[in-house]
Amino acid sequence: LAGLGAVAWVVDRVVGWRVLTVLRDTDSRLRGWTHVGWLASIALVLSFSLPRLAQQAGLGEAWRFAAAALPWLALSATSWLRPARIAAPFGEDFVRWRGNLRAVASIAFAGFFVVGLGGEGRMSPLPYVPLLDPVELVQLGALLLALRVSAEAASLRLPLAGAAFVLATSIVLRATHHWGGVPWSPSMFSTGLVQTSLTVLWSVIGMAAWVAGSRRQRRALWTIGAVLMGVVLAKLVLVDRQYLGNLLGIGSFIAFGLLCTAVGYFAPVPPRDEEATA
C-alpha cells in the first residue's frame, strides 16, 4: 500500500466490484471463484501490509505475526458466522460457493496456526504473558471459531482436540523460554525444566480427559485420557528419571503420582458406549 500502490488497490476494488455486479446477472461458472478471489485478495493485501506497519511501529515478532493472521481469521469467521455480510453483490447465490471461501480462508489460517507454534512469541515492548501473547491469542481465536463450527461439523472435534493439545504444549514451552531462560531451540527438550513442565501439563490434561470421560460416561474420552497418562508414565521412566537428582525431576514423579491417585478415586471406568446408550 506504499506510494501509488494504495491508489492502485483502490482502483482494483472499484473495477473488481464492477466486474462482480456484471457477473451477478449471468450464469457464468466464474462467478463463484471471482467472488472468492476478490474477497481473499482483501485479506491477502492486509496480511502483507499490517505486519509492515507493526514493524515500523517497533513492535515485536508476535505482533507482526498477529497482524498477518488476523485478516484471515476475520474472513474465516465472517464466512462461517456472518456470511450475509460478505454476500454482496450476489445475495442468496453466495450460498452456492460459500464453502469454497470457507475452505480457502480456513486453509490459509490453518497455515498461520501451524507456523505460530514455532514462534518465539516476543511481544516487545511488553513482557511475555502466557495466553495474552498475540500469537497465542490468534491461535486461541482459531480454536474458538473451530469449536463454534464443530457444532455443525462433528468430524472436526477430534482434530480440534489435537490442535488444542499441541497449542497447550507450545504455550508451556514458550513460558519456559521467556520465564525460565531456556533457549528457544530444539536443545530446550534436554533441560529438566521443560521436561518437568511437559510432564505436569500432559498429566493434568490426561487426568481431565479421564475424569470427564468417566463423569459423562464417554468411554472414548476416558480411553484418550488413560492413553495420555500411559504416555506420561513412559516418559517418566525413559526421560524424566535422569533428572531425579534435582527437585524438578522429583516434582515430576510426585505430580504424576498424586494425579493418578486422584483419578483412581474420581474416574472409574465408564461402561462401553452401547451399554451407556442402553
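Everything below is about the structure shown above.
Owing to the predicted nature of the structure, the values given are computational and were not obtained by experimental measurement.

A. Spotlight on the pattern of salt bridges. Overall, the coordinates contain five salt bridges when judged by the stated rule. Note that glutamate 120 is salt-bridged to arginine 122, the shortest N-O span being 3.7 Å. Overall, arginine 122 belongs to the partly exposed group, its relative accessible area being 43%. Here glutamate 136 ties to arginine 174 by a salt bridge, and the two come within 2.8 Å at their closest N and O atoms. Here the residue glutamate 136 occupies a position in helix α5 (residues 134-149), and arginine 174 occupies one in helix α6 (residues 157-180), the gap between them amounting to 38 residues. With respect to burial, glutamate 136 and arginine 174 carry one shared label: buried.

B. Geometry of the environment of arginine 98. Structurally, the position occupied by arginine 98 is in helix α4 (residues 98-117). Sequence separation between arginine 98 and histidine 35 is 63 residues, and the spatial gap between their C-alpha atoms is 9.7 Å. For arginine 98, the contacting residues outside a window of four places in its chain are Ser79 and Pro83.

C. Focus on the packing of α5 against α6. Between α5 and α6, whose axes approach to 11 Å, the crossing angle comes to 165°. It follows from the interaxial angle that α5 and α6 lie roughly antiparallel. Crossing of α5 over α6 shows left-handed handedness. Contacts from Val135, Glu136, Gln139, Leu140, Leu143, Ala146 and Leu147 in α5 reach Leu160, Ala163, Ala164, Leu167, Ile171 and Arg174 in α6.

D. View of the packing of aromatic side chains. Going through the model one piece at a time under the given rule, you end up with five aromatic pairs. With a centroid separation of 5.1 Å and 90° between ring planes, the pair formed by phenylalanine 90 and tryptophan 97 is classed as edge-to-face. For the pair formed by phenylalanine 90 and tryptophan 97, the shared burial category is buried. Ring geometry for phenylalanine 165 versus tryptophan 202: centroids 5.8 Å apart, planes at 35°, classification tilted. Remark: tryptophan 202 occurs in helix α7 (residues 192-215) and phenylalanine 165 occurs in helix α6; sequence separation between them is 37 residues. On the basis of relative accessibility, which here comes to 16%, the residue tryptophan 202 falls in the buried class. Over the ring of tryptophan 80 we find arginine 102, and its NZ or CZ is 3.9 Å from the ring centre.

About the criteria used
Residues numbered from 1 in each chain as written. Predicted model: local features only at pLDDT ≥ 70, side-chain atom pairs only at ≥ 80, totals over all residues. Heavy atoms only, no water. Salt bridge = Lys/Arg side-chain N within 4 Å of Asp/Glu carboxyl O. Buried < 20%, exposed > 50% of the residue type's maximum accessible area, 1.4 Å probe, protein only. Helix = DSSP H or I, 4+ residues; strand = E, 2+ residues; numbered from the N terminus. Contact = heavy atoms within 4.5 Å. Axes fitted to C-alpha atoms, helices over the stretch in contact; angles between N-to-C directions. Parallel < 35°, antiparallel > 145°, perpendicular 65-115°, else oblique. Left-handed = near helix turned anticlockwise from the far one by under 90°. Phe/Tyr/Trp six-rings, centres within 6.5 Å; stacked < 30°, edge-to-face > 60°. Lys NZ or Arg CZ within 6 Å of the ring centre and 35° of its normal.

So far we have only geometry, and geometry alone does not tell us how the molecule works.
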